[in-house]
Amino acid sequence: MFKTLREDIEVVFDQDPAARSYFEVILTYAGLHAIWSHRLAHAFWKRKFFFLARSISQISRFFTGIEIHPGAKIGRRCFIDHGMGVVIGETCEIGDNVTLYQGVTLGGTGKEKGKRHPTLKDNSLVATGAKVLGSITIGENSKVGAGSVVLQDVPDNSTVVGIPGKIVIQNGKKVKRDLNHQNMPDPVAERLEQLGQQVKELQEELDRLKKRSG
């Protein structure tokens, strides 16, 4: 247990160049406080002391601005940088050496039962404001770009950006996305076609009226 707590401190120095001393990190880093509170809450959760576990998590949320459900599983050396607004759902599973930035949501879509939150494998990173939703997996060494919304599995060694999230780098190489310009929508051409059809229908109606009057 003490080894795990020490690793939680050491990863702060590895990830944050602003960290100056153990005293500063232990007393002022909200992300570290949230992780330690969760480890305690999760221990009670596994022993079915659900109310006590939830109480600890809510107290931690009040002081840190980071909400971690006590049922979530978090591995070693997890680093939450700044952390305000981070939400981690009940069935979320986080591997070792994972980094989360402020505003990250690891949540559900509201449609699932059972395992309904994401799994983040070892060495993954989720950047500021990103949303990873549903029972999906973020692969090892993969990164989710800031502000992205990810709804599908991400393979190992990949970088995902955008809404919805798209893979832009995989195994160190940029992923090319072919654009078939021939099939790209052309609103001007579509409108001209509609006008042409309307003119044709009016002409047919005019011909029918001429025949009746003749």
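These numbers were taken from a predicted model, which means no experiment stands behind them.

Chemist: Just checking my understanding: could you explain the overall build of the protein chain for this structure?
Modeler: Helix and strand counts for the protein chain stand at five helices and 16 strands. The C-alpha atoms of the protein chain give a radius of gyration of 26 Å, which is well past the 17 Å a tight globule of 214 residues would have. Its C-alpha atoms give the protein chain principal-axis dimensions of roughly 100 × 40 × 25 Å. Relative to its full complement of 214 residues, the protein chain shows a buried share of 35%. Just so you have it, the protein chain exposes about 13,400 Å², and 56% of that area is on carbon and sulfur atoms. Charged side chains in the protein chain number 30 positive and 24 negative. The centres of these two groups are separated by 3 Å.

Chemist: Help me out: how do you make sense of the nonpolar core in this one?
Modeler: For soluble globular proteins, nonpolar side chains are generally found buried alongside one another. I88, I94, L100 and L106 are the most contacted members of the largest nonpolar core, which totals 26 residues. Residues contacting L106, with those up to four places away along its chain left out, are V87, I88, G89, C92, I94, L100, H117, P118, L120 and V132. Core analysis: the second largest hydrophobic core is formed by eight residues, I9, V11, A19 and Y29 among them.

Chemist: How should helix 3 (residues 30-46) be read in this particular structure?
Modeler: The α-helix advances 3.6 residues per turn, and as a result positions three or four apart in sequence lie on the same side. In this model helix 3 runs 24 Å from its N-terminal to its C-terminal C-alpha over 17 residues, within 8% of the 24 Å that 1.5 Å per residue would give. Among the residues of helix 3, those classed as buried are G31, L32, A34, I35, H38, A41, H42 and W45. Looking at the packing, one finds that the buried side of helix 3 touches helix 1 (2-15), helix 2 (22-28), helix 4 (50-64), strand 1 (67-68), strand 2 (73-74) and strand 3 (79-80). Positive backbone phi, approximately 70°, marks K48, located one or two places after helix 3.

Chemist: Just checking my understanding: could you explain unusual backbone geometry for this structure?
Modeler: Negative phi values dominate among residues other than glycine, just as trans dominates among peptide bonds. Between I163 and P164 the backbone carries a cis peptide bond, its omega angle lying at -10°. Phi at N141 takes a positive value of approximately 60°, unusual for a residue other than glycine. For N141, a relative accessible area of 37% gives the class partly exposed. In this structure, N157 takes a positive phi of about 60° despite not being glycine. Structurally, N157 is set in the loop between strand 13 (149-150) and strand 14 (158-161).

Chemist: Even after reading the chapter, I still don't get the pattern of salt bridges, so can you show me in this structure?
Modeler: When charged atoms on two side chains of opposite charge get close, those side chains can pair. According to the stated counting rule, one finds eight salt bridges in the structure shown. E10 is the salt-bridge partner of R6, the closest N and O atoms lying 3.2 Å from each other. Within this pair, R6 and its partner E10 are both found in helix 1, separated by four residues, close to a single helical turn. Judged by its relative accessible area of 49%, R6 falls in the partly exposed class. For R76, the salt bridge is made with E7, and the minimal N-O distance between the two is 2.5 Å.

Reading the values: rules and limits
Residues numbered from 1 in each chain as written. Predicted model: local features only at pLDDT ≥ 70, side-chain atom pairs only at ≥ 80, totals over all residues. Heavy atoms only, no water. Helix = DSSP H or I, 4+ residues; strand = E, 2+ residues; numbered from the N terminus. Rg over C-alpha atoms; globule rule 2.2 N^0.38 Å. Buried < 20%, exposed > 50% of the residue type's maximum accessible area, 1.4 Å probe, protein only. Areas by Shrake-Rupley, 256 points an atom, 1.4 Å probe, with all protein chains shown as cover. Lys, Arg positive; Asp, Glu negative; His and termini not counted. Charge placed at Lys NZ, Arg CZ, Asp CG, Glu CD. Core = buried A, V, L, I, M, F, W, Y, C linked by side-chain atoms within 4.5 Å. Contact = heavy atoms within 4.5 Å. Expected span 1.5 Å × (residues − 1). Salt bridge = Lys/Arg side-chain N within 4 Å of Asp/Glu carboxyl O.

All we've got here are geometric facts, nothing functional implied.
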